[in-house]
Amino acid sequence: MNGIERIMATLNGQEKDQTAVILTLSLYGAGLIKAPLFEYYNRPELYAEGQAAVRETFHPDLILTPFFIPGEGEAFGSVVKYFNSDAPNIRKPATESAEALLKLPVPDINDSTRLQYFIKATELVAKQCSQDTLIGSVMVSPIDLPAVIMGIDGWLETILFKTDIARAFCEKTTEYFVKRANAFLAAGANLIVLPVCFCNPEIITPFILNNIAIPIYREAFKQVKGPIVLHHTGSPMNAFNGFLKDLPNVIGFCVDPKDNLDVARENIGEHKLLLGNIDGPTLNKYSAENISRRCKRILTNRVNDNHFILASSAADIPLNTPPENIHAILQSVSDFKKENE
Amino acid sequence: MEKIIETREHLVEAILNADRQTANQLLDEWVAEYGVERTINEILDPTLEDIGKIWECSTDLSLAQAYVSGKISEDFMLKHLSLSDDNGLPTDKKGPVVIGNIEDDFHSLGRKMVGIFLRASGWNVIDLGNDVLATEFIDKAIESGAKVIGISAMMYSTAVNIKKVREEIKKRNLTNQIKLAVGGAVFRLRPELVAEVGGDGTTGNAMNVNPLFEKLWNDSTII
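Since this is a predicted model, take the numbers as computed values, not measurements.

J.: So what exactly am I meant to see when it comes to the overall build of chain A here?
T.: Across its full length, chain A holds 14 helices and ten strands. Compactness check: chain A gives a C-alpha radius of gyration of 19 Å against a globular reference of 20 Å for 341 residues, within 12% of the reference. Viewed in the frame of its principal axes, chain A has a C-alpha envelope of about 60 × 40 × 35 Å. Among the 341 residues that make up chain A, the fraction classed as buried is 61%. Pairs at least 24 residues apart make up 72% of the contacts formed inside chain A by residues separated by at least 6 positions. Total accessible area computed for chain A in this model is approximately 13000 Å², and 50% of it derives from carbon and sulfur atoms.

J.: What should I look at first to understand the nonpolar core in this one?
T.: In summary, soluble globular proteins display a tendency toward joint burial of nonpolar side chains. Counting residues in each nonpolar core, the largest one holds 166 residues, and the members touching the most others are Ile-143, Trp-155, Tyr-217, Phe-221 and Leu-244 of chain A together with Phe-213 of chain B. Here this core takes ten residues from helix H9 (residues 163-186) of chain A, the largest share from any one element. Mapped onto the domain boundaries, this core takes at least three residues apiece from domain 1 (2-80) and domain 2 (94-219) of chain B. Not counting the four nearest positions on each side in its chain, Leu-244 of chain A is found in contact with Leu-209, Ile-214, Tyr-217, Leu-230, Met-237, Val-250 and Phe-253 of chain A.

J.: I would appreciate a short explanation of the pairing of strand S1 (residues 94-101) of chain B in the present structure.
T.: Note on strand geometry: in a regular strand, side chains alternate between the two faces of the sheet. Residues and elements named next belong to chain B. In terms of burial, S1 is a largely internal element, six of the eight residues being buried. Alignment of S1 against strand S2 (residues 123-127), held across four bridges, turns out to be parallel. By the bridge assignment, Val-98 is partnered in S2 with Ile-126. The parallel pair S1 and S2, bridged by helix H5 (residues 109-120), forms a crossover whose chirality is right-handed. Where S1 meets strand S3 (residues 148-152), four bridges bridge the pair, whose relative direction is parallel. The residue bridging Ile-99 from the neighbouring strand is Gly-150, located in S3.

J.: Before we go on, may I ask you to explain the interface of chain B and chain A in this structure?
T.: Size of an interface, as often reported, equals the accessible area lost when the parts are brought together. Counting residues at the interface gives 22 residues for chain B and 21 residues for chain A. Here chain B is connected to chain A by seven residue pairs in polar contact (both at pLDDT 80 or more). Of all elements in the fold, only helix H4 (63-80), H5 and helix H7 (156-159) of chain B reach the threshold of two or more residues within the side of chain B that touches chain A. The dominant element in the side of chain B that touches chain A, judged by the number of residues it contributes, is H4 of chain B, at six residues. Counted by class, the side of chain B that touches chain A contains eleven nonpolar, five polar and six charged residues.

Conventions we followed
Residues numbered from 1 in each chain as written. Chains lettered and ligands numbered in written order. Predicted model: local features only at pLDDT ≥ 70, side-chain atom pairs only at ≥ 80, totals over all residues. Heavy atoms only, no water. Helix = DSSP H or I, 4+ residues; strand = E, 2+ residues; numbered from the N terminus. Rg over C-alpha atoms; globule rule 2.2 N^0.38 Å. Buried < 20%, exposed > 50% of the residue type's maximum accessible area, 1.4 Å probe, protein only. Contact = heavy atoms within 4.5 Å. Areas by Shrake-Rupley, 256 points an atom, 1.4 Å probe, with all protein chains shown as cover. Core = buried A, V, L, I, M, F, W, Y, C linked by side-chain atoms within 4.5 Å. Domains from an automatic or database assignment. Pairing = 2+ DSSP bridges. Right-handed = clockwise from strand over helix to strand, strands pointing away. Polar contact = N/O pair within 3.5 Å; in protein donor to acceptor, adjacent residues only side chain to side chain. Nonpolar A, V, L, I, M, F, W, Y, C, P; charged D, E, K, R; others polar.

Next up, the structure:
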C-alpha cells in the first residue's frame, strides 16, 4: 500500500498493511537539503526540494506544506524573526489594538508574496509527491488567525472584553480563510490541517469556545471544499474535542502527547481519524530504542482502533533529531504489524 | 461568615466564566457595604488564593480565566485605591523589579500577567518587553536599583538564553545581589530547567508571583 491507500483505508476503517504514519517534518526538510531557514521559508522551490528529501529519506504517508504559522501573521503585517535552527516566530504583531485590527487590510491571496509562497509550495509539493502520498496544507482558522496578527494577549483581551470587535474581525477572516483553504485544495492539497493555536483549553474557556469560536468554525468549515484535520498545536485538547467533533468537514484530530488516547477516542467518536501522540519536539532527546518503545506502547493501546494514525504531535521535529530516531518510528509500525500477525 | 463564603464562591464562579463585569460588580457591592480594606482581606485576596491553588494543582484553568483574575485585581486597585500614578496604576510600595522576555522570546502574555499581579501587589515594575538581551536586564537592574529580575520564556530553545543573564551577573560580581525569577510554559513542563538556566526561583503561575518576588527580594544581599 502507498501512503494514499493507507490513509484512505484508515479513514474508511478498512484493513491495511500497517498503521499509517504522519510526521511533522516541515522544518526537517530544510536540514536534509542544508537550506538556510530564511531561504527555505521564502522560496517555495526550496521548500519543495526539502520535502522531496523528506519523502526520499522517510517515505511518510503524508507530506505537509509549510508548517509556518507566523507566516500567516506576516501576510497581515506582523514581523517574523528567523532563526538558524528553529522555525520562525512572530517578532512584532501587526497591531496590538483591537480598534486598529478592524482597519487592517485583508491580504489578497493573488497579490501577497507570503501567501503566494504558501500556494506555490503546495503546488510544487503536490506535483512531486501526490502520486503516492497525501498532501496536507497547514493554515490557521478564522478565530485562531488574529492571535498571530495581534499576539495571543491582544487577541485574548479583544475576545474577552471587546467581543463585538472580535466577531466583526472574524467575519473578515472567515471569508479570507475560505478563499485560502480552497486555494490550497485547488493547488493540490488533499486536506487542510488546522493547528488550534488559540482556541484550546489552555487559553480559552468552554464558554468562549461554544459561544464564539464554534459558530465561527461552523460557518467557515462548511464552505471548505475538502476535509479538515484539527491539530492540537501544543495544548491537550481532550477537554474541547468533544465539542468540535461534529463541525462540517472535520475528519480527524491530532492530539497532544498528554492527551489520553482512550479518552480522545471516546470524545471524538469511533469513526473520526485519531492522530498522535508521540511528542515531536523532543524526539532529539531520546534514543531510537526509547522512541521505539514509546511507539509500541501507543500502537498497543490503539491495536483495535481502525481509524488511528501514528503521528508526531506538537510542533516540528527539531532539525538536530538523528534520522535514526525518525526511522525508529517508521520501523516500529512495521515491527508491530509483524508481531501481531 | 456565610455571606463571605457565598460572595467568594460567586467571585470564583465569575472568574471561571471569565466574566469581568460580574466580578467587578460583586466587589463594588462589597466595598459599598464593608469598605475597601475588608473587601481585600475577606473577598479579593482569599479568592485569588483559591484561584491560584486551582491553577497550581490542575490544568483546568485557562489563560483567559487567569487573565480575568489579573484584570479584576487591576480594576479594583484603580477604582478603589486613590493612589494612582501617572500610568493609572497604583502607586508602588515595593521594588523596583525588572521583568522581560529573554532574548529571542516573543510570547508576551505570561510576562504581562506577571506584571499585572506584581503591580496589583504594590510592586514598581519595570517591564522591558520582549526579546531582551542579558546585558539590558542587568544594566536596567543596576540603573533602577532592582534586586530581582523576572525573566519569561515559553520554549526550551529560548529559555536556555537565560543562562546568559546568569553569566552576566557573575561577570559583574552581582551574585546574591541580583536574584533571578524565571517562568513560562517550558518551566512548568521541565522544572529542572530552573537550575539549568541559573534561576533562583520560579512559580507555576502568575498569581503566586508576589511571594516569590518578596522572598527573592529578601534573599538579596543588597541592603
